[in-house]
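# Examining the three-dimensional arrangement
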Amino acid sequence: KEIDHAASLTPGRIVETVFFGGGTPSLMKPETVAAIIEKIRKTWPQGNDVEITLEANPTSVEADKFRAFKDAGVNRVSLGIQSLRADDLKFLGRTHDIHQARQAIELAATTFDRFSFDLIYARPNQTAQMWQEELNEALDLAVGHLSLYQLTIEQGTPFYVQYQRGEFRIPDQELAADLYDITQDT
């Protein structure tokens, strides 16, 4: 019904991108993803190189499921890695470890022609040299695309409460700007 509603609001549009994201869509059954993709294909014309991306966390990655998602029509996966450092994964509340992150990246690379992963920088205690090393490591693992985000502390989140209590400090504006510059230059 949602696809039909969106189609009524967008007549004549051509689909170039489908993005299954927010939360952990990789927990959906591949059959559900296939049904959604099929409905989209029947509802709108597609461009020549439609990119159909599914977000996945390293902890929900399984070889059989990745292949099933590919068979369902997904042609790109985006992995929520967030960091290639164990202490930072723990700080960020991630449930995967470095080994699982690397396995997920390797699996994505062998299953999909296109994949990406996310990293967050300007984390507590992160130096410019630490970020440069991690970024270089990420570039060795990536194939064409990385999504890089600066850590921000938003009101109403557990991080905000911890930050207000002084439980951790993030880089000051000058260091954060240096980390951004390193990201851009690299």
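Residues numbered from 1 in each chain as written. Predicted model: local features only at pLDDT ≥ 70, side-chain atom pairs only at ≥ 80, totals over all residues. Heavy atoms only, no water.

### Observations regarding the sheet that holds strand β1 (residues 15–20)
Worth spelling out the cut-off: Between any two strands, pairing holds if DSSP finds at least two bridges. Runs of H or I in DSSP of at least four residues are treated as helices and runs of E of at least two as strands, each being numbered from the N terminus. A fitted line through C-alpha atoms serves as each axis, taken over the contacting stretch for helices, and the angle formed by two N-to-C directions is quoted from 0 to 180°. Only heavy atoms enter the contact rule, under which two residues are in contact if any of them lie within 4.5 Å.
What the five strands build is an open sheet, ordered β1-β2-β3-β4-β5; its pairing is parallel. The sheet is open, and its two borders are formed by β1 and β5 (146–150), each paired with just one other strand. Going across the sheet, the axis of each strand differs from the next one's by a mean of 20°, ignoring polarity. Here strand β4 (residues 114–121) pairs with β5 via five bridges, running parallel. Opposite I120, over in β5, you have Y149 as the bridge partner. Contacts from helix α5 (residues 98–111) reach β3 (76–82) and β4, with the element oriented near 165° to β3.

### A word on the side chain of T111
What counts is decided by this rule: Whenever two N or O atoms come within 3.5 Å, that pair is a polar contact, provided that in protein one can donate a hydrogen and the other can accept it, and provided that, for residues adjacent in sequence, both atoms are side-chain atoms.
On the secondary structure map, T111 appears in helix α5. A polar atom in the side chain of T111 sits 2.8 Å from the backbone oxygen of L107. Apart from the residues within four sequence positions on either side, T111 is in contact with F66, R67 and K70.

### Section: the packing of aromatic side chains
Quick reminder of the rule: Two rings belonging to Phe, Tyr or Trp (six-membered ring only in the last case) form a pair when the distance between their centres is within 6.5 Å. Interplanar angles under 30 degrees mark stacking, angles over 60 mark edge-to-face geometry, and anything in between is tilted. Only protein chains enter the accessibility calculation, which uses a 1.4 Å probe; a residue is then buried when its area is under 20% of its type maximum, exposed when over 50%, and partly exposed in between.
In total, this model carries six aromatic pairs according to the counting rule given. On the basis of an interplanar angle of 75° and a centroid distance of 4.9 Å, the ring pair of F91 and F168 is categorised as edge-to-face. Pair noted here: F91 is in helix α4 (residues 86–91) and F168 is in the loop between α7 (158–164) and α8 (173–185), with a separation of 77 residues, a long-range link. With a centroid separation of 5.2 Å and an interplanar angle of 25°, the aromatic rings of Y121 and W131 are classed as stacked. Of this pair, Y121 sits in strand β4 while W131 is found in helix α6 (residues 128–141), placing the two residues ten residues apart along the sequence. Of the residues examined, Y121 reaches a relative accessible area of 4% and is grouped as buried.

Nothing here speaks to function; it is geometry throughout.
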